[in-house]
Amino acid sequence: MSVSWATSSPAELRAHHARDAEERAGPLPGDVNESAVGEAGAFRGGLLYTPPDPAPGVAILYFHGGGFVAGSPTTHRCVTAWLAKLTGMRVLSARYRLAPEHPFPAQRDDAVAACAALAATGGDRLVLAGDSAGACVALWGLRGLDPAMRARIAGLALLYGGFGGIEGGSIARRGTAENGLDAETLSIMYRRLDPQEPGIWPLAFAGEVAVPAYVLAAELDAVFDDSALLFQRLGPRADSRFAVAAGQDHGFLKGAGRDPAALRELEALAGWLKGRVGTA
């Protein structure tokens, strides 16, 4: 079935995204336990990945991509399971409400609730992570935390994110209606969130971010410039890092477990994360 990220229904986009993730997925690491976490209060639940002998007192909170309209913890099982394997940390892949049924700030509020839920399970230090739209959700979550909870965030892992840009060189060169990353489709995608608050996009508030960040851009990605601009605008920190996945396109980490390039980039991220939280 042919779909359009601009005109297809949310149901069609969700089915398409789920099929694509299943087709691209590699095997999960055999020694990482996957368990479902149910809803509790404002927390929407998700999938928890626990490696053997997980590092104590630290955990990763992950938000999936999918253009804010599609995706789930299930579509990103490979990325999150391998991230748990390579870091030795628990990874909670959290569910959040999707547009257009749930406009912003539902995504931010769900991210904040997920932080509280993970912290309650013994996460003294948390890493906020996400890919594509999920990288944006991670930053919204950080911005929505109270000062006490924000102090527990040890780092950010922002993977080929879409941070609000709708024009620029990489979009002009590589964005198409088919991949959903041309200027027109990105504009429609962002409008689905129906944002009423000014300045919600991370490119506008990146200077407020004081947490060290690992920003990964895919070299062939239409939204490459979003990652590059975000990194330039982040609060100055010597321990942040900008990485480029050579020869890779948007969404390539879905092949973790099968694609050597995806595992290499996750290994590099894992090394940085372990250094940040003292588990290396």
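Residues numbered from 1 in each chain as written. Predicted model: local features only at pLDDT ≥ 70, side-chain atom pairs only at ≥ 80, totals over all residues. Heavy atoms only, no water.

Colleague: Hey, could you go over the overall build of the protein chain for me, with residue numbers and the actual values?
Modeller: Tallying secondary structure elements over the protein chain gives ten helices and eight strands in all. Computed over the C-alpha atoms, the radius of gyration of the protein chain is 17 Å, within 12% of the 19 Å expected from 2.2 N^0.38 for a compact globule of 280 residues. Each principal axis of the C-alpha atoms in the protein chain carries an extent, and together these give about 45 × 40 × 40 Å. Burial statistics for the protein chain: of 280 residues in total, 55% are counted as buried. Of the roughly 11000 Å² of accessible surface on the protein chain, a fraction of 52% belongs to carbon and sulfur atoms. Positive and negative side-chain charges in the protein chain, numbering 26 and 30 respectively, have mean positions lying 4 Å apart. (Helix = DSSP H or I, 4+ residues; strand = E, 2+ residues; numbered from the N terminus. Rg over C-alpha atoms; globule rule 2.2 N^0.38 Å. Buried < 20%, exposed > 50% of the residue type's maximum accessible area, 1.4 Å probe, protein only. Areas by Shrake-Rupley, 256 points an atom, 1.4 Å probe, with all protein chains shown as cover. Lys, Arg positive; Asp, Glu negative; His and termini not counted. Charge placed at Lys NZ, Arg CZ, Asp CG, Glu CD.)

Colleague: Could you give an account of the layout of surface pockets, with specific residues and numbers?
Modeller: Here the largest pocket defines a volume of roughly 530 Å³. Along the walls of the largest pocket sit 29 residues, with Trp5, Asn179, Leu181, His250 and Lys254 positioned nearest its centre. Listing elements by their share of the lining of the largest pocket, those giving two or more residues are helix H1 (10–24) and helix H7 (183–191). Here the lining of the largest pocket gets four residues from one element, more than from any other, and that element is H1. What the second largest pocket holds in volume is close to 160 Å³. If you go around the second largest pocket, you meet 13 residues; those closest to its centre are Ala21, Glu22, Ala25, Thr74 and Thr75. (1 Å grid on protein atoms, 1.4 Å probe; cavity = no way out; pocket = protein on both sides within 12 Å on 5 of 7 lines; lining within 4 Å. Points joined across faces, edges and corners; volume = space filled by probe spheres on them.)

Colleague: I'd like a description of the pairing of strand S3 (residues 58–63), backed by residues and values.
Modeller: Along any regular strand, the residues point their side chains to alternate faces of the sheet. Burial runs high along S3: six of the six residues are buried. Along S3, one buried face is formed by Val58, Ile60 and Tyr62 and the opposite face, lined by Ala59, Leu61 and Phe63, is buried too. Inspection of the sheet shows S3 paired to strand S5 (residues 125–131) by six bridges, in the parallel sense. Bridging from a neighbouring strand, phenylalanine 63 pairs with glycine 130 of S5. Where S3 lies against strand S4 (residues 90–94), five bridges are found, and the strand directions are parallel. In the sheet register, alanine 59 faces S4, and the bridge partner there is arginine 90. Between the parallel pair S3 and S4, the chain is carried across by helix H2 (residues 77–87), and the sense of this crossover is right-handed. (Pairing = 2+ DSSP bridges. Right-handed = clockwise from strand over helix to strand, strands pointing away.)

Colleague: Summarise H2; cite the residues concerned and give the values.
Modeller: H2 sits mainly inside the fold: nine of its eleven residues count as buried. Of all the residues in H2, the buried ones are Cys78, Val79, Thr80, Ala81, Trp82, Leu83, Ala84, Leu86 and Thr87. As for H2, its buried residues are in contact with strand S2 (46–50), S3, S4 and helix H10 (260–277). Following H2 by one or two positions, glycine 88 adopts a phi angle in the positive range, close to 75°. (Contact = heavy atoms within 4.5 Å.)

Colleague: How would you summarise the state of the cysteines if you had to cite specific residues and measurements?
Modeller: Within this structure, the stated rule accounts for zero disulfides. Cysteine 136 provides the cysteine sulfur closest to cysteine 115, a residue in no disulfide bond, and the two sulfurs are 15 Å apart. Assessed through its relative accessible area of 1%, cysteine 115 is described here as buried. (Disulfide = S-S within 2.5 Å.)

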